[in-house]
Amino acid sequence: MARRPFVAGNWKMNGTLTDARELMAGLRNAVEPGMPVDVAVCTPFTLLYPMGKELDGTDIKLGAQNCYFEKKGAFTGEISPGMLSAANCTYVIIGHSERRYVLGETGDLLRAKVKSCLEEGLSVIYCVGELLDERDAGKTTDVVGRQLAESLSDDLDHARLTIAYEPVWAIGTGRTATPDQAQEVHAFIRERMGGLFGADAGAAMRIQYGGSVKPGNAAELMACPDVDGALVGGASLVAEDFAGIIRAAAATA
Ligand code: PGA
């Protein structure tokens, strides 16, 4: 099944509005109209409103990196799915390993977030991935399978769901999974998604790879049959590098 490649930049906790405008000046021409790839930048909350305006008229969509599951109320410091929609977000990343391991987010919390964001009409990028010692112990599919099972359920609107496989040992380390390692886990995720949502939905779901994706390794990763794009951290902050990854994704379409 032909799936449209999808490349999202995860800016993490980086960037002022000045930095963002500079980056956009370099990126604006990277996505030409009609290019066969979906592109998003997931910015810090503080940049969502101005970036929504910056992206107006481009084919680049806006995303957030997290949000809370409640609609409103006494949740100091949190942002609701409705607030993201109002700020023109199309996407939201849920379950990034930095949220799981630095901020202590649990599978139950992530389940509530995924559900609430999809119900709001946002498209969710749900991240899964194993730690290095889990990979070394041969537990990669156990861990990824558990992360999928604990936060996703068959009542979700899966048409707006993307899975990002991000081996934690490859994030920000310069160490990427080999294409074979990525393909193996992506095929496993697709099979699980087929089991949960039905074979057609599994075949249609986009699964991004993330973890030290650069222009130099993007093409070989995205050539894997079950790798449908990338979730890009560090390289998404360098216009030329992000543009190179977008071109590599478009070339696989
Ligand atoms: P990286 O980050 O590309 O800098 O490894 C990826 C991510 O955390 O989404």
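Here's a quick rundown of the structure. (Residues numbered from 1 in each chain as written. Predicted model: local features only at pLDDT ≥ 70, side-chain atom pairs only at ≥ 80, totals over all residues. Heavy atoms only, no water.)

**Details of helix H7 (residues 140-151)**
And step 1. Given a rise of 1.5 Å per residue, twelve residues ought to cover 16 Å, and the 17 Å separating the end C-alpha atoms of H7 matches this to within 8%.
And step 2. The complete set of buried residues in H7 reads Thr-140, Val-143, Val-144, Gly-145, Gln-147, Leu-148 and Ser-151.
And step 3. Those residues of H7 hidden inside the fold are in contact with helix H4 (97-101), helix H5 (107-120), strand S5 (123-128), helix H6 (132-136), strand S6 (161-165) and helix H8 (179-197). (Helix = DSSP H or I, 4+ residues; strand = E, 2+ residues; numbered from the N terminus. Expected span 1.5 Å × (residues − 1). Buried < 20%, exposed > 50% of the residue type's maximum accessible area, 1.4 Å probe, protein only. Contact = heavy atoms within 4.5 Å.)

**Section: the pattern of salt bridges**
And step 1. Within this structure, the stated rule accounts for 16 salt bridges.
And step 2. For the salt bridge of Asp-226 with Arg-3, the shortest nitrogen-to-oxygen distance reads 3.9 Å. Pair noted here: Asp-226 is in the loop between helix H10 (215-222) and strand S8 (229-232) and Arg-3 is in the segment before strand S1 (6-10), with a separation of 223 residues, a long-range link.
And step 3. For Arg-3, a relative accessible area of 17% translates into the label buried.
And step 4. Between Arg-146 and Glu-150 there is a salt bridge whose closest N-O contact spans 3.6 Å. Within this pair, Arg-146 and its partner Glu-150 are both found in helix H7, separated by four residues, close to a single helical turn.
And step 5. Among the ionic contacts, a cluster of salt bridges with common partners joins Arg-3, Arg-190, Asp-226 and Asp-228. (Salt bridge = Lys/Arg side-chain N within 4 Å of Asp/Glu carboxyl O.)

**Description of the site of the ligand**
And step 1. Taken together, 13 residues lie near the ligand, and Lys-12, His-96, Glu-166, Gly-172 and Ser-212 sit nearest.
And step 2. One of the side-chain N or O atoms of Asn-10 is found 3.5 Å from an oxygen atom in the ligand.
And step 3. Partitioned by chemical class, the residues of the shell around the ligand number four nonpolar, seven polar and two charged. (Near = heavy atom within 4 Å. Polar contact = N/O pair within 3.5 Å; in protein donor to acceptor, adjacent residues only side chain to side chain. Nonpolar A, V, L, I, M, F, W, Y, C, P; charged D, E, K, R; others polar.)

**Some remarks on the pairing of strand S2 (residues 38-42)**
And step 1. With five of five residues buried, S2 lies mostly within the body of the structure.
And step 2. Burial along S2 is two-sided: Asp-38, Ala-40 and Cys-42 facing one way and Val-39 and Val-41 facing the other are all buried.
And step 3. Pairing of S1 with S2, which is carried by five bridges, proceeds in the parallel orientation. Residue pairing in the sheet places Asn-10 in a bridge with Cys-42 of S2.
And step 4. What joins S1 to S2 is helix H1 (residues 17-27), and the crossover it makes is right-handed.
And step 5. With four bridges joining them, S2 and strand S3 (residues 60-64) adopt parallel strand pairing. Residue pairing across strands places Cys-42 opposite Gly-63, the latter belonging to S3.
And step 6. The β-α-β motif built from S2, the intervening helix H2 (residues 48-55) and the parallel element S3 has right-handed crossover chirality. (Pairing = 2+ DSSP bridges. Right-handed = clockwise from strand over helix to strand, strands pointing away.)

Coordinates in, geometry out; function isn't part of it.
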